[in-house]
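If you want the building blocks of each chain, they are given just below.
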Amino acid sequence: RQRHGNNSITRTGLRVQGADTLQWWLTRFDELQIQHSKIIERDKYTLIDFEDQEGQPLSLIADPDQDSFETWANSTIPAERQIIGLGPITLTVPKLQGTHEILSTVLGMRPAREYVDKEGGFSVHVYEMGEGGPAREVHVQVRTGLLPYHPGAGGVHHVAFRVGDEESYHAWARRLRELRIPNSGEVDRYYFRSLYFREPNSILFELATDGPGFATDEPVSALGERLSLPPFLEGRRKQIEANLKPL
């Protein structure tokens, strides 16, 4: 198990449509015996905090601005109750310095507001990109007395930020080089292209393209029905599958 703490990705938000959907999820969590909070207000959002079986902190957030989204026809969840996207992401650091400069000066996010966590009493700084809103926000908790995060089951390895296209991706690689920020260089993941680097508080960031996409080697209608591997891992299929637990 991970040890929650500083220098980490602390919580992942999952957006749903409207506050009434949160009540539906409370009933489902109770039926499945999922540990969760009541419906609460944090910052300017209505949400439920919950954890998976390994203790990973998650939140369901009612997105007040979402009017269009895609649903999955094969889901057991009614279309109007389905999760419609990620965000916001919460980071925890011992000091804002360094992380602030990376998010604002390097990545171009806007410092939007600050609030105090009602339970912990610590400050949280909100950065937004694009049009803003819960799908385009990073929340940074500043907690000076917290022990460092220790990785393990239930922890989050990195946070990925989406870039518009391959041209933008190459431009970001040049920008990191010009700013002399240590990074992975361009990495071909077959389904997408990536760049990795650590911000000054040691949290791993990824810049990733959408394409070529997960429908590169199978149709969208079949996604998730079998384990798909990129060509460079296909030779290790038996070994990889032997270590997976059924979902």
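Source: prediction; values computed, not measured.

A short note on the side chain of E218
In step 1: Residue position: E218 is located in the loop between β12 (204–212) and α4 (231–234).
In step 2: Of the side chains with opposite charge, R226 comes closest to the buried, unpaired E218, at an N-O distance of 5.0 Å.
In step 3: A polar atom in the side chain of E218 sits 2.9 Å from the side chain of S228.
In step 4: Filtering out sequence-adjacent residues up to four positions away, E218 remains in contact with L223, R226 and S228.

Let's talk about the environment of S168
In step 1: By the secondary structure assignment, S168 is in helix α3 (residues 166–178).
In step 2: Along the chain, S168 and A208 lie 40 residues apart, while their C-alpha atoms are 9.9 Å from each other.

Observations concerning the sheet that holds strand β11 (residues 192–198)
In step 1: Spatial ordering of the open sheet is given by β9-β12-β11-β10, a layout of four strands whose pairing is mixed. Looking at which strands have only one partner, the edges of the open sheet turn out to be β9 (159–162) and β10 (187–188).
In step 2: Bridging between β11 and β12 involves six bridges; their strand directions are antiparallel. Pairing of S194 across the sheet is with A208, part of β12.
In step 3: Across the sheet, α3 lies against β10, β11 and β12, angled at about 25° from β11, the strand it touches most.

Quick look at the pairing of strand β7 (residues 123–128)
In step 1: The element β7 is largely enclosed, with a buried count of five among its six residues.
In step 2: Where strand β6 (residues 110–116) and β7 come together, six bridges link them in antiparallel fashion. Residue pairing for β7: V116 is matched across the bridge by S123.
In step 3: In this structure, the hairpin formed by β6 and β7 is closed by a connection of six residues, where G121 is found at a positive phi of approximately 80°.
In step 4: Bridging between β7 and strand β8 (residues 137–142) involves six bridges; their strand directions are antiparallel. Bridge pairing links H125 to V140 in β8.

Parameters and conventions
- Residues numbered from 1 in each chain as written.
- Predicted model: local features only at pLDDT ≥ 70, side-chain atom pairs only at ≥ 80, totals over all residues.
- Heavy atoms only, no water.
- Helix = DSSP H or I, 4+ residues; strand = E, 2+ residues; numbered from the N terminus.
- Buried < 20%, exposed > 50% of the residue type's maximum accessible area, 1.4 Å probe, protein only.
- Lys, Arg positive; Asp, Glu negative; His and termini not counted.
- Salt bridge = Lys/Arg side-chain N within 4 Å of Asp/Glu carboxyl O.
- Polar contact = N/O pair within 3.5 Å; in protein donor to acceptor, adjacent residues only side chain to side chain.
- Contact = heavy atoms within 4.5 Å.
- Pairing = 2+ DSSP bridges.
- Axes fitted to C-alpha atoms, helices over the stretch in contact; angles between N-to-C directions.

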